[in-house]
Amino acid sequence: ESRSLLAMNPETLDIAAALDLFYEDRPDAPQDDAIMDLLAKRADVKSLACEAVRRVGQFPFAEANGRLIRFAGRFIDEGLARELLAVDFDGNGFEDDVAEAVGGLGPLSIPLLHPFFEKNDSAGIPLALRILENLPTEEAVDFILAHWSLLWGGYRDCLLDAVACIGDKRFIPLLKV
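Here is a short report on the structure shown in this document. Since this is a predicted model, take the numbers as computed values, not measurements. (Residues numbered from 1 in each chain as written. Predicted model: local features only at pLDDT ≥ 70, side-chain atom pairs only at ≥ 80, totals over all residues. Heavy atoms only, no water.)

### A closer look at the layout of surface pockets
Empty space within the largest pocket amounts to approximately 390 Å³. When contributions to the lining of the largest pocket are tallied by element, the ones reaching two or more residues are α6 (78-86), α8 (110-118) and α9 (124-133). Classifying every residue of the lining of the largest pocket gives 11 nonpolar, two polar and seven charged. (1 Å grid on protein atoms, 1.4 Å probe; cavity = no way out; pocket = protein on both sides within 12 Å on 5 of 7 lines; lining within 4 Å. Points joined across faces, edges and corners; volume = space filled by probe spheres on them. Helix = DSSP H or I, 4+ residues; strand = E, 2+ residues; numbered from the N terminus. Nonpolar A, V, L, I, M, F, W, Y, C, P; charged D, E, K, R; others polar.)

### Some thoughts on the packing of α6 against α8
Between α6 and α8, whose axes approach to 10 Å, the crossing angle comes to 25°. Taken together, the axes of α6 and α8 lie roughly parallel to each other. Here the hand of the crossing between α6 and α8 comes out right-handed. Residues E78, A81, R82 and L85 of α6 touch α8, and the partners they reach there are L112, L113 and F116. A per-class count over the contact of α6 with α8 returns five nonpolar, no polar and two charged. (Axes fitted to C-alpha atoms, helices over the stretch in contact; angles between N-to-C directions. Parallel < 35°, antiparallel > 145°, perpendicular 65-115°, else oblique. Left-handed = near helix turned anticlockwise from the far one by under 90°. Contact = heavy atoms within 4.5 Å.)

### Section: the packing of aromatic side chains
Evaluated as defined, the whole model comprises six aromatic pairs. A centroid spacing of 5.9 Å and a plane angle of 10° characterise the contact between W148 and W152, whose relative ring orientation is stacked. With W148 and W152 both in helix α11 (residues 148-154), this residue pair falls four residues apart, about one helical turn. W148 sits in the buried class, given a relative accessible area of 9%. Here the aromatic cluster, defined as three or more aromatic residues joined through ring pairs, consists of F22, Y23, F71 and F75. (Phe/Tyr/Trp six-rings, centres within 6.5 Å; stacked < 30°, edge-to-face > 60°. Buried < 20%, exposed > 50% of the residue type's maximum accessible area, 1.4 Å probe, protein only.)

### Focus: helix α4 (residues 45-58)
Between its terminal C-alpha atoms α4 stretches 20 Å, which fits the 20 Å expected from 14 residues at 1.5 Å a residue. Every buried residue belonging to α4 is among L48, A49, A52, V53 and V56, and all of these are buried. The arc that holds the buried residues of α4, viewed along the axis, is 135°, so those residues lie on one side. Where α4 is buried, its residues meet α2 (15-23), α3 (32-42), α5 (65-74) and α6. (Expected span 1.5 Å × (residues − 1). Arc of directions from axis to C-beta.)

### Quick word on the nonpolar core
Counting residues in each nonpolar core, the largest one holds 57 residues, and the members touching the most others are L84, L85, L113, L132 and I144. For this core, the leading source of residues is α9, giving six residues. Dropping the residues within four chain positions of it, L132 is found in contact with I110, L113, A140, F143, I144 and I166. (Core = buried A, V, L, I, M, F, W, Y, C linked by side-chain atoms within 4.5 Å.)

Below you can see the structure in the form of structure tokens.
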């Protein structure tokens, strides 16, 4: 099947065929970006993004999830982000895709991260820090500083990665301890 997909020209697909290929549980192929572009031009993207996130939540270990999350990330809003953050990926490799998708909201993603810190969520906090590390904003720095003790005590490696990516001078005094 992958061989036939590689030989296929996505521009020749109708919407139904493009959707079938898009949702198919298979590894990603080079044509997937072109298929997503086609769907973004010709389909109801809001409905497709909602369906993609629904499928990710229903089948968190499906091979298709990377492309489904990346597609949803193109059209991310707070509702979609909240749904993605609620999925338990249990280290299945889609966390980077989720971090990029949710991070697409920019500083608007920060309030969505609060529940991870309130619950001291051992899977959610590293994901939240991945999102924050790509947001070198005052809000992201303030959020990290407000949770410094928790992060330093239980998530030091992830914290240091985020601090290195953000590079704000307000972290320096805390790192000297």
